[in-house]
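What follows is each chain in one-letter form.
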Amino acid sequence: MKVAHKMMTSFFLTATFVAILGVSVVFHVEQGTLKTMTMNHLSTTVQSRGSHIETVVDGYEDQVATLARGSAFRGSVYTDNENARTIERAGRKIEAIIKDNAGIVDVSIWNKDGIVIASSCKEKGSNESSDEVFRKSREGAYAGDIHSSAITGDNVLSIAVPILLKGEFAGVAGIDFSADEIYEIATNTTGLGTTGEISLVNRNGYMMLCSRAYKDYKKGEAFEVRVLIQPMEWVLVAGISKRVALVPLVWPLKLIMFFVVLAAPILSGLIGIFISVPVIAGPLLALRKGTAIIGSGNLDYKVGTDAKDEIGELSRAFDNMTEDLKKVLVSRNYVDSIVSNMADILIVIKPDGKIEKVNKAAIDNLGYEEKDLIGKDIRILIQEEGASLSGTKFEKLIGGSTVRDYEVDFKAKDGSKVPVLLSGAAIRATGCSHIGSAEECQLYQDKGNHCEDILRIVCVAKDIGEQKKIENELRKEKSFIQNLVDTAQVIILVLDKDGSIIRFNPYFEDLTGYSLDEMRGKSWFETFLEEQDRGFIHSSFLQEIEGEETKASVYPIVLKNGKKIYIEWQDKRLTDDDGSMVGLLAVGQDITVRRQSEKAVAESEQKYRALFDLSRDAIMTLAPPSWRFTSANLSTVKLFKARNEAEFVSKGPWEVSPKLQPGGEESAIKAKRMIEKAMQEGKSFFEWTHMKFNGEVFPATVLLSKIEIAGQTLLQGTVRDIAEREKAKKKLQDKIQELSKTTEDLRNTQERLSRSEKLAIIGKLAGIVSHELRNPLGVIKNVVYFLNMRLGKEMDEKVKKHLNILREEINIADKIITNILDFVSHSKLSREDADIGDIIKKAIDDTVLQENIAVQVDLDKDLPKVAMDALQVRQVLLNLIVNAAQAMPDGGALKIAVTTDGEFIIVDVSDTGCGIEKQHLDTIFEPLFSTKAKGIGLGLSTCSTVIDAHNGEIEVESEVNKGTTFVIKLPIQKTKGVLKHGRSDKSIDRG
Amino acid sequence: MEDLIKVLIVDDDVNICETLQDILIEKGGYMVTVAHSGVEAISLAKEYVQDMIFLDMRLPVMSGLEIYLAIREFDAKVPVIIMTAYQFELKHCVDEALLKGAQACIHKPVDAEAVFKVLEEAGKNRGEHA
């Protein structure tokens, strides 16, 4: 039943109940009120009646008491004889009373023994001592119950009062009153309605009087009031039938009930519509709807409301529950979306190998429709029909083993192979944990699945066709890249964040001489950079790591062999997938050559610029299309007397010319013509009349040449002022002559200087060496001497010969040393006047000449003495003589002739020896020139030096195989002092 | 014995000393002692009066001149022949020694003949001096 109904019903019931309750409350209250009223009424009635009766009875008692006290009666109870009269009297009284009182039925007197002594009705002398009235009245006034008189049959009330004689009980006076009065009082039901009933009941409950208006009153409930009437202990009971009493309520009640019965459904209906539905049913319905949705697997559905009531709380609790469930369970939507959206093929296989379910990917990738696969054996996807799976992983999979990454080919619908990576596992029954056979398992009993039974096999197959293709491609790509890296003729270098070397390519290995193995992990900066570069490059490296864009940079690196080469670098940050830096890729070009060529180009540009700027010709450039000047060198500015280049530039050639050229042609036109000619033919050379900025007109030659600079075609113009040319030419020529003379002199001097420098060094060295050699040589000489002494006459020929050889060789060595030393020690000459003849003689004496050489000395008469270093000159002559002798091993003639020409003394030393070849004649005075096997070649050089130092000359004439003549000229100067060394001042005279 | 001419040769080069010594001994008539340092030379000269001292000018530790002057302190007569290797260097030493009474100088390398020549001269002089 719906909540609304429930609510309505409950409201209805509640309302009804409430109504009923209300009504009954009202009813009861009313009833109570009524009852109270009734009871009050009754009570009042009864009370009044009762007291009335009491009053009546009291009255009767009084009556009786009066009688009892009366003499009549008292007198009657005397026991003596006179009693009869009293009794008669009493009797008459009694008759009187009865006659006078209609209400009195009987009057009786009893004596103390209870014998009736007088009575209106009773028999005299009857013993009524046991009578209740008598007995009870012995103690006091007694009112007996109303009873039906035995005599008359009327209802009577007996009242008896004791008669006292002298205070002692003497008898009883009793009257039976008619109960009618009381009856009248008691049974008056006025005001009690038709059902009112009054009854008088004695102390034993015996009804004495009753109104008995309503016969059946005892059958229904009644309101009763009782009042006790003393001293008789009677109860006067008045009652009214409840039903009748409540009648005033009934109709109003019925009305109320009617309205309630009418209103309750309406109200409950209203409540149902306006309250229960929106407030309760609605949310509950929503909750119900929610459960349906959630139950269907959509755990994301929210039912929660903001309502503060319990339903709201419930709904929110619901949501919490679904949230919790979500965490624990997987909602069906979620699972469904996974299964349908997953890129991989999902197949669920039943334990018998039949396909139960496939996902969208399976259908898409394999080309089948769902109906082609569901229910079919899994084999259709794998192999040819009929082929067995035994031994394959598939068999294992279906058998319950877990298979991972099994490479297999699925068969698509069109027969093509789809390579996949298959993984699968079995879903097993769970829920029981018993150990034992299936029959012992309760779960098996219940569901037919034993624990661990395979329920389903779930396979996921990843289509790796693409992947394989990609792998292949990657492999190809990788080897291609590897090839690139290996063969590229550029540096490929990878550094890590700290600047340590991760790797570099073979080209770099070859370039630097370092192998990757020895360099991996080492610091780039420390190894390859020069110290002064490290700081700067390191900081720019750090900037690159931070992500700053870098421009190409150039800096040198040091190779293993210490050489420095220049590299142009392009760097790129290497980042991994989340963007953090892994390292730096640097590609470098060896630009050492380029730099050099750039330098060369820059230099050549500089040179050109220099030439351009410094050229004495006026050079300018003209550019199309306007053919105005775009640049002009200093000479141009000067020539045209412009203030500066800026003033000259941007003028056209016709603007620095008179309007007309000689011949009458307009400058502007002719200029254009010449320009076009130059452009077409490459150059044009012509005469032109220019005008300087000051108006001065001058003739010039113009050479226009087509040039290309930086891809632009320009014309270069060279202007020469012809008028100045000749003047300048002559001037120049003179200057050139002067200059070349000076240059020559300078060069000679330079030569001489460097030569003499060289010689000085060599000489010094030679001198030192020779000196040192002298000592051991001396010792050897002495040893030979000693041996000669010791061996003396007993020497055999061979020994003698050998000792001689020793001595000779020693002499030769000594001579060589002497030569060197002489050559070296030409620095200081001491000049003294000496006779050349003496010197010659001495020289000849010093030499041991072969016998087959004829020596002839011719001295002129009156030879003047010449200032000279005699020793050194002697040495010179010695040298020449020795040379001459050596040139004539087979003998010949040595002639020394001395003459004078007034200025010089001329000494000729000639021989008839083998002569000197023409080509050697120029060089024989050079040091270290020798044709001799045993000579160093310093002899003639020394001679030359010595003669030079004397400001003399030494020359040679020779003819091969005929003879040689050395000619020495010594100036006749009688000056004393020390000459300078070297030949530095001779060159000018030589001229 | 008395006729033996006592010669002292002072040079730091052992071979020069010994060859000269052997030559003189072989010649006969000489008693030759050698010294290789200034100190040795001075002590020998002190102990045995020499007829002739051949003194090398270029010695380590004490220079030739120092040795000459030292000897001259206790022997003013003994003829000293100085042996000089260089021609121009040490010339001033040579000059000074000569000034101070050195007999002569001969150039190194000293050959035997030069030595004999000098001794002859000296012998003549000795004859005169004695």
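Just above sits the structure.
A brief report on the enclosed structure follows. Just so it is clear, the model here is predicted, and its values are computed rather than measured.

**Regarding the overall build of chain B**
- Summing up its helical and strand segments, chain B has five helices and five strands in all.
- Listing the helices and strands of chain B from first to last along the sequence gives β-α-β-α-β-α-β-α-β-α.
- Here chain B, with 130 residues, has 48% of them falling under the buried criterion.
- By element, 54% of the accessible surface of chain B is carried by carbon and sulfur atoms, the whole surface being about 6900 Å².

**Topic: the overall build of chain A**
- For chain A, the count of helices and strands is 29 helices and 31 strands.
- Across the 991 residues that make up chain A, the buried fraction comes to 39%.
- Summarising the internal contacts of chain A: among those between residues at least 6 apart in sequence, 54% fall at separations of at least 24.

**Notes on the side chain of D111 of chain B**
- Here D111 of chain B shows up in the loop between strand 5 (104-107) and helix 5 (112-129).
- A distance of 2.9 Å separates the side chain of D111 of chain B from the backbone nitrogen of A114 of chain B, its partner in a polar contact.
- Those residues in contact with D111 of chain B that sit more than four places away from it in its chain are K781 and N782 of chain A.

**Quick look at the sheet that holds strand 3 (residues 52-56) of chain B**
All names here are of chain B.
- In space, the five strands of this open sheet follow the order 2-1-3-4-5, with parallel pairing throughout. Either end of the sheet is taken by a strand with one partner, and the two such strands are strand 2 (30-35) and strand 5. Put simply, the sheet's adjacent strands are angled 20° from each other on average, direction ignored.
- With four bridges connecting them, strand 3 and strand 4 (residues 80-84) associate as parallel partners. Across the sheet, residue I53 finds its bridge partner in strand 4, namely V80.
- Of the strands in this sheet, strand 1 (5-10), strand 2 and strand 3 touch helix 2 (residues 38-47), which is tilted by about 145° from strand 2.

**Quick look at the pairing of strand 16 (residues 501-504) of chain A**
- Relative to strand 16 of chain A, strand 15 (residues 491-496) of chain A runs antiparallel, the two being bridged by three bridges. Considered in strand 16 of chain A, the bridge of L493 of chain A is made with F504 of chain A.

Thresholds, definitions, all that
- Residues numbered from 1 in each chain as written.
- Chains lettered and ligands numbered in written order.
- Predicted model: local features only at pLDDT ≥ 70, side-chain atom pairs only at ≥ 80, totals over all residues.
- Heavy atoms only, no water.
- Helix = DSSP H or I, 4+ residues; strand = E, 2+ residues; numbered from the N terminus.
- Buried < 20%, exposed > 50% of the residue type's maximum accessible area, 1.4 Å probe, protein only.
- Areas by Shrake-Rupley, 256 points an atom, 1.4 Å probe, with all protein chains shown as cover.
- Contact = heavy atoms within 4.5 Å.
- Polar contact = N/O pair within 3.5 Å; in protein donor to acceptor, adjacent residues only side chain to side chain.
- Pairing = 2+ DSSP bridges.
- Axes fitted to C-alpha atoms, helices over the stretch in contact; angles between N-to-C directions.

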